[in-house]
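Coordinate analysis (summary)
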Amino acid sequence: MLKRAFLALAFLAVPAAAFAQGTIEGRVTSASGAGLSGARVAIPALDISVGSGPGGAYSISGVPAGDHEVEVRIIGYAIQTRTVSVASGQTANQDFALELQAINLGELVVVGSRAQPRTVTESMVPVDVIPVSEITSQAETNIDFLLRTVVPSYNVRVEPISDAATITRPANLRGLASDHTMVLINGKRRHRGSIITWLGAGLSDGAQGVDIGSIPGIALRQVEVLRDGASAQYGSDAIAGVMNFILKDDRDGGMIEVKSGSYYEGDGDMLTISGNVGVPLGATGFANLSVEYGNQDPTDRAIQRADALGLLAAGNSAVRTPTAQIWGSPEVNDDLKVWLNTGYTFNDDEQFYAFGNLSTKEVDGGFFFRNPNTRGAVFSGDGGETLLIGDVLKAKGLGSANCPVVNITNNVPDPAALAQVFADPNCFSFQEMFPGGFTPQFGGNVTDWSVVSGVKGGNDSGFTWDASASFGSHTADFFIYNTVNAALGPETPTHFDPGLYRQDEFNLNFDVAYEASEQVHLAGGLERREERFVIGQGQDESWKIGPYAAQGFSSSSNGFPGFSPIAAGEWDRQNVAVYGDMHLGGSEDPWTVGAALRWEDFSDFGSQLTGKVSGRLEVSERLALRAGGSTGFRAPTPGQQNAFNVSTVFDATIGDLVNRGTIPSTSAVAALRGGEQLRPEKAFSLTAGTVFDADAFKLTMDYYRIAISDRFAQTQTFSLTDDEVTRLLGEGITSAANLAEFRFFTNDFSTRTQGIDIVANYTPPSMGGATSFSALFNYNGTTVTGFNPDVIDTDRVDQLEQSIPSWRGSLNVVHTIGGVRGLLRGTWYDSWVDVGGVVIGGVEGTAFPGRFLVDLELSTDLTDDATITIGANNLFDTYPATQDPDTADNVGLLYPESSPFGFNGGYYYVRVNYRWSWFGG
């Protein structure tokens, strides 16, 4: 700033004729020729920079005659420098065609500090900046899976037969639960999803995180991942870190993209059409709209269960083939995502901004197979020796129909006795409705919408302010079909509306910042937040105890009981926060120090004070050290404190399905096992690392250690006594009549998670910028340092410590030759232990070996504005090792459901892009 002011005074003090000046102008484009607006074109030696306008055009006037190094950078592309000769009174033309850049450690980031944006290598804490080009160069369309290969300590996996987790998949950063990571959009807190992950493969059991799958890749400019505890800066939930999704803000041009693909097995067909368009609003404003619509077919990697094979061999042709039970990805229909980002600058000091979204989809997946001879409380009451026969007269209180006993021999019910049941209107068996058994189909219609609006401004003295308001809502309206409420007998429907979950959040923020000097930056703010969790009541038939319950038939919709009037309700809470941030150190100083302090007060459990300190020391021109320490917390959500759920799991020790309930910790029955009012989790985080920046080669290595006390998760399962069932029924939990076991949320254990993140990228100068390499590596390990053995058992400990690979790494190579851009990615997943999810007992401790997966993508220009891409994820069709033979026979699960890279095999795809500029780009 001082240099620019000095130059300006010099120009005013000396007659213009004394200077020999010229102009540099041209266009900034991608390698395909599409104009790139918003690029920074600079002459660093003169401290002059301009932004490229519509179509990528730029112009720098008043440039002294002579040779100048001109630098161009824009997020997602490699930085380019050219020497330009300027003659007095002349215009020098210089165009720049930029190559797509792999993960770039030199891009500007805004998370991690409220001071001016800094590059990744200048940050005091580890931050990843992933340009959208790197994210979308994959077969997937959902952003939750797209990030898996580009963020070292980020994990997400397929969730088959996992209740609502199939609808909103939990994602994990640094080996912690999905709700230990805060999500921001354009720097503003994103509302959490309504889904509570009752079955989260151990690590995320009971978590209620953000549904990042509602964000389309085409709407994004970049993603910033702060891999450090940040509760003191951003509030509750930021124990593992922060993910900041930056929306596109182009005011010129647009893009249409069509992507289609399929798995090597011939299923999971996907078609997605997306578009992005930017238009100017007046002289200084913009509106950027993104729309994505798609569908994806389900997959199935199961084998036929042994009991289904026995039924088929006995002549039961009604059993579904080729598999009675499906293990795979769900069907996704009408997946619509609409995002709008707008802004308008009134003058140099004030700007209005607004952004929001509307996203909807239907997700449909399968549950466990119900054997028509053995399924308890539906088809049989004695484990499959005889069929369970309903007596209509007895249910109506009119005596007894004296229904016959139907014995089962070698998978075949006595045909004569069964025919007698079918012929008598006062007797019934569910074999008449489902002779081959049934597999409930479960899913939900998801609606996610939000709106954020604000005004920000500042003045020449270094004072800036930002006032904003936001509202977000996420609803999962569940459905289940191809099932029964057995206690309703022959009057039962087979399609149920069990109710809904909804999460609403309203935020008010006011932030201020003051740049006292080049070395001192102060910031602070106020926040008020209100959140509400709603359980919508299900249709009566989904939760009622019918007249046949006394005869041994199960109540509620089988597989996912509906929410009764007492289980339904609304719960809300409010919190306020005051926070401050100090940043010391200027761009010319070899050191930087930051500190933050935050006080929050919650209406349901009181106040919390958190703090953070961090620093960076430049040892030499290329080497720097950085470190940070912070305290953090995560408040249990209203949903986690009040929700009730019943999940059906397969218990291998007894060879049958078991209904497992999760009840509020304040329930009278939970209190018998130590249940009490939940408390916030408390965390202490340390990070220390080094940064090496040698222009073409950049490397960051960071160690982290996160200790969490009063950690919040579900307990072990407890068996219900008859008295406890009666008490639950008295509390209005009608499906308790079907429960064999229950669990609840608790704060009774502590963990220590530590690991190492390494991120590097290299663009060899000898290859002219046509080739770049990037490498990601993560080691992560969690140790349960303390727990109450009466509440948390060793199986739960194993889930937390062993359910994800300890080591993971990937190497990416991007190369352009002869108009063809190639991307080759290799990813290594270390071994992991399957500690049970929806299959419990008998599989805990099963170790699976690591796997190396390869992705390949090739793209070329069809025209100046159109590009075609073909690619394959998991090019060599790699699968995890097969499951334990007994588990495969019992439930048809050939591969472990906990596989960190899924079990669908190889996937090929084609993508076509068309770009344009409104103003002649």
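In this section: the overall build of the chain. When its secondary structure is counted, the chain shows 12 helices and 49 strands. Taken over 921 residues, the chain has a buried fraction of 59%. Here the analysis covers contacts within the chain between residues at least 6 apart in sequence; of these, 70% occur between residues at least 24 apart. For the chain, the computed accessible surface area is about 33,300 Å², with 56% contributed by carbon and sulfur atoms.

So, on to empty space enclosed by the protein. Vacant regions in the atomic arrangement are exposed by a probe of water-molecule size rolled over the atoms. As enumerated under the stated definition, the model contains 19 cavities of 30 Å³ or more in all. Taken as a whole, the second largest cavity encloses approximately 170 Å³ of empty space. Every element with two or more residues in the lining of the second largest cavity is listed here: β13 (171–173) and β14 (181–185). Top contributing element to the lining of the second largest cavity by residue count: β13, with 3 residues. Per-class residue counts for the lining of the second largest cavity are 9 nonpolar, 6 polar and 2 charged.

All right, on to the state of the cysteines then. When the sulfur atoms of two cysteines share a covalent bond, that bond is a disulfide. By the definition in use, this model includes 1 disulfide. Each sulfur in the disulfide pair Cys403 and Cys427 lies 2.0 Å from the other. Of note, the bridge from Cys403 to Cys427 carries an S-S torsion of about -95° and is left-handed in sense. Of this pair, Cys403 sits in the loop between α6 (392–395) and β24 (408–409) while Cys427 sits in strand β26 (residues 427–428), placing them 24 residues apart in sequence. In this structure Cys403 comes out as partly exposed when scored by relative accessible area, which is 21%.

Attention shifts here to helix α11 (residues 794–802). Working note: α-helix, 3.6 residues per turn, so residues spaced by three or four point in the same direction. Within the sequence span of α11, burial applies to Arg796, Val797, Gln799 and Leu800. What you see down the axis of α11 is that its buried residues fit within an arc of 155°, all on one side. Contact partners of the buried residues in α11: β38 (697–714), β40 (741–762) and β41 (771–787).

Its location among the elements puts Glu265 in the loop between β18 (254–263) and β19 (270–281). Residues Glu265 and Gly905, spaced 640 residues apart in sequence, show a C-alpha to C-alpha distance of 7.7 Å. Sequence-distant contacts of Glu265, that is, excluding residues within four places in its chain, are made with Arg301 and Tyr879. Reaching out from Glu265, the side chain makes a polar contact with the side chain of Tyr879 at a distance of 3.3 Å.

Let's shift gears to helix α7 (residues 415–423). Residues of α7 that are buried include every one of Ala417, Leu418 and Val421, and no others. Projected down its long axis, α7 shows its buried positions confined to an angular sector of 100°, all on one face. Exposed positions of α7 whose direction lies more than 90 degrees from the buried face are Pro415, Ala416 and Ala423. Check the buried side of α7 and you find it contacts β25 (412–413) and β26. For α7, the side-chain oxygen to backbone nitrogen distance between the N-cap and Ala416 is 3.2 Å, and the N-cap itself is Asp414.

For the structure shown, the criterion picks out 36 aromatic pairs. Ring centres 5.7 Å apart and planes at 25° place the aromatic pair Phe442 and Phe478 in the stacked group. Here Phe478 lies in strand β28 (residues 463–481) and Phe442 lies in strand β27 (residues 441–458), a separation of 36 residues in the sequence. Residue classification places Phe442 among the buried positions, given a relative accessible area of 4%. By relative accessible area, which is 2% here, Phe478 ends up buried. A ring pair is formed by Tyr501 and Phe533, whose centres lie 5.3 Å apart and whose planes are at 50°; its orientation type is tilted. Of this pair, Tyr501 sits in strand β29 (residues 495–515) while Phe533 sits in strand β30 (residues 520–536), and the two are 32 residues apart along the sequence. By way of ring pairs, the aromatic residues Phe367, Phe442, Phe478, Tyr501, Phe533, Phe560 and Phe563 are connected into one cluster. Cation over ring: Arg174 sits above Tyr704, and NZ or CZ is 3.8 Å from the ring centre.

Turning next to the nonpolar core. Judged by nonpolar contacts, the single largest core of 34 residues is most densely connected at Leu147, Tyr154, Ile212 and Phe245. Those elements giving two or more residues to this core turn out to be α3 (143–146), β12 (154–156), β13, β14, β16 (220–226), β17 (241–247), β22 (350–366) and β38. In this structure, Tyr154 is in contact with Asp144, Leu147, Arg148, Ala171, Asn172, Leu173, Ile212, Met243 and Arg808, ignoring residues within four places of it in sequence. Judged by nonpolar contacts, the second largest core, of 21 residues, contains Ile196, Phe367, Val446 and Phe745.

A word on the sheet that holds strand β6 (residues 80–86). If you walk across this open sheet you meet the 4 strands as β3-β2-β5-β6, and the pairing is antiparallel. This sheet does not close on itself; its edge strands, each paired only once, are β3 (48–51) and β6. In this sheet, neighbouring strand axes are inclined to one another by 25° on average, regardless of whether the strands run parallel or antiparallel. Sheet analysis places strand β5 (residues 66–73) next to β6, joined by 7 bridges and oriented antiparallel. Its bridge partner being in β6, Val72 is matched across the sheet by Gln80.

Omega for the bond connecting Thr321 with Pro322 falls within 30 degrees of zero, at 5°, which places this linkage in the cis form. The backbone phi angle of Asp237 is positive, close to 95°, even though this residue is not glycine. Mapped onto the elements, Asp237 comes out in the loop between α4 (231–234) and β17. Judged by its relative accessible area of 6%, Asp237 is buried. Non-glycine residue Asn402 carries a positive phi angle of around 50°. Among the residues examined, Asn402 registers a relative accessible area of 66% and is labelled exposed.

What follows deals with the environment of Asp695. Residue placement: Asp695 occurs in the loop between β37 (681–694) and β38. The spatial distance from the C-alpha of Asp695 to the C-alpha of Tyr762 is 8.7 Å, given a sequence separation of 67 residues.

Judged by pairing direction, the sheet is mixed, and its 5 strands sit side by side in the order β11-β16-β17-β14-β15 without closing on themselves. Looking at the sheet topology across the chains shown, the edges are occupied by β11 (127–131) and β15 (188–189).

Moving on: the pattern of salt bridges. Under the defined criterion, the tally for this structure stands at 35 salt bridges. Arg598 is the salt-bridge partner of Glu600, the closest N and O atoms lying 2.8 Å from each other. Among the residues examined, Glu600 registers a relative accessible area of 0% and is labelled buried. Of the residues examined, Arg598 reaches a relative accessible area of 2% and is grouped as buried.

Residues shown with low pLDDT carry predicted positions that ought not to be read at fine detail. Overall, the predicted model of the chain reaches an average pLDDT of 85, with 88% of residues at or above 70. Below a pLDDT of 50 lies the segment residues 102–109, which in the model reaches 47 contacts outside its immediate sequence neighbourhood of four places, other chains included. A low-confidence stretch, residues 114–119 (pLDDT under 50), is modelled with 22 contacts involving residues beyond four sequence positions or located in other chains.

Time to look at the side chain of Gln641. With respect to the helices and strands, the residue Gln641 is situated in helix α8 (residues 638–642). Judged by its relative accessible area of 10%, Gln641 is buried. If we ignore the near neighbours within four places in the chain, the residues touching Gln641 are Arg573, Asp604, Pro636, Pro664, Gln677 and Leu678.

Right, let's talk about the environment of Gln519 for a bit. By the element assignment, Gln519 lies in the loop between β29 and β30. Overall, Gln519 belongs to the partly exposed group, its relative accessible area being 33%.

Okay, the side chain of Asn276 next. Positionally, Asn276 belongs in strand β19. Polar side-chain contacts of Asn276 include one of 2.6 Å to the side chain of Asn288. Polar side-chain contacts of Asn276 include one of 3.4 Å to the backbone oxygen of Leu289. Once you skip the residues sitting within four places of it in the chain, Asn276 turns out to touch Ile218, Lys248, Gly253, Gly254, Met255, Asn288, Leu289, Ser290 and Trp916.

Conventions we followed
- Residues numbered from 1 in each chain as written.
- Predicted model: local features only at pLDDT ≥ 70, side-chain atom pairs only at ≥ 80, totals over all residues.
- Heavy atoms only, no water.
- Helix = DSSP H or I, 4+ residues; strand = E, 2+ residues; numbered from the N terminus.
- Buried < 20%, exposed > 50% of the residue type's maximum accessible area, 1.4 Å probe, protein only.
- Contact = heavy atoms within 4.5 Å.
- Areas by Shrake-Rupley, 256 points an atom, 1.4 Å probe, with all protein chains shown as cover.
- 1 Å grid on protein atoms, 1.4 Å probe; cavity = no way out; pocket = protein on both sides within 12 Å on 5 of 7 lines; lining within 4 Å.
- Points joined across faces, edges and corners; volume = space filled by probe spheres on them.
- Nonpolar A, V, L, I, M, F, W, Y, C, P; charged D, E, K, R; others polar.
- Disulfide = S-S within 2.5 Å.
- Arc of directions from axis to C-beta.
- Polar contact = N/O pair within 3.5 Å; in protein donor to acceptor, adjacent residues only side chain to side chain.
- Phe/Tyr/Trp six-rings, centres within 6.5 Å; stacked < 30°, edge-to-face > 60°.
- Lys NZ or Arg CZ within 6 Å of the ring centre and 35° of its normal.
- Core = buried A, V, L, I, M, F, W, Y, C linked by side-chain atoms within 4.5 Å.
- Pairing = 2+ DSSP bridges.
- Axes fitted to C-alpha atoms, helices over the stretch in contact; angles between N-to-C directions.
- Salt bridge = Lys/Arg side-chain N within 4 Å of Asp/Glu carboxyl O.
- pLDDT = per-residue confidence, 0-100.

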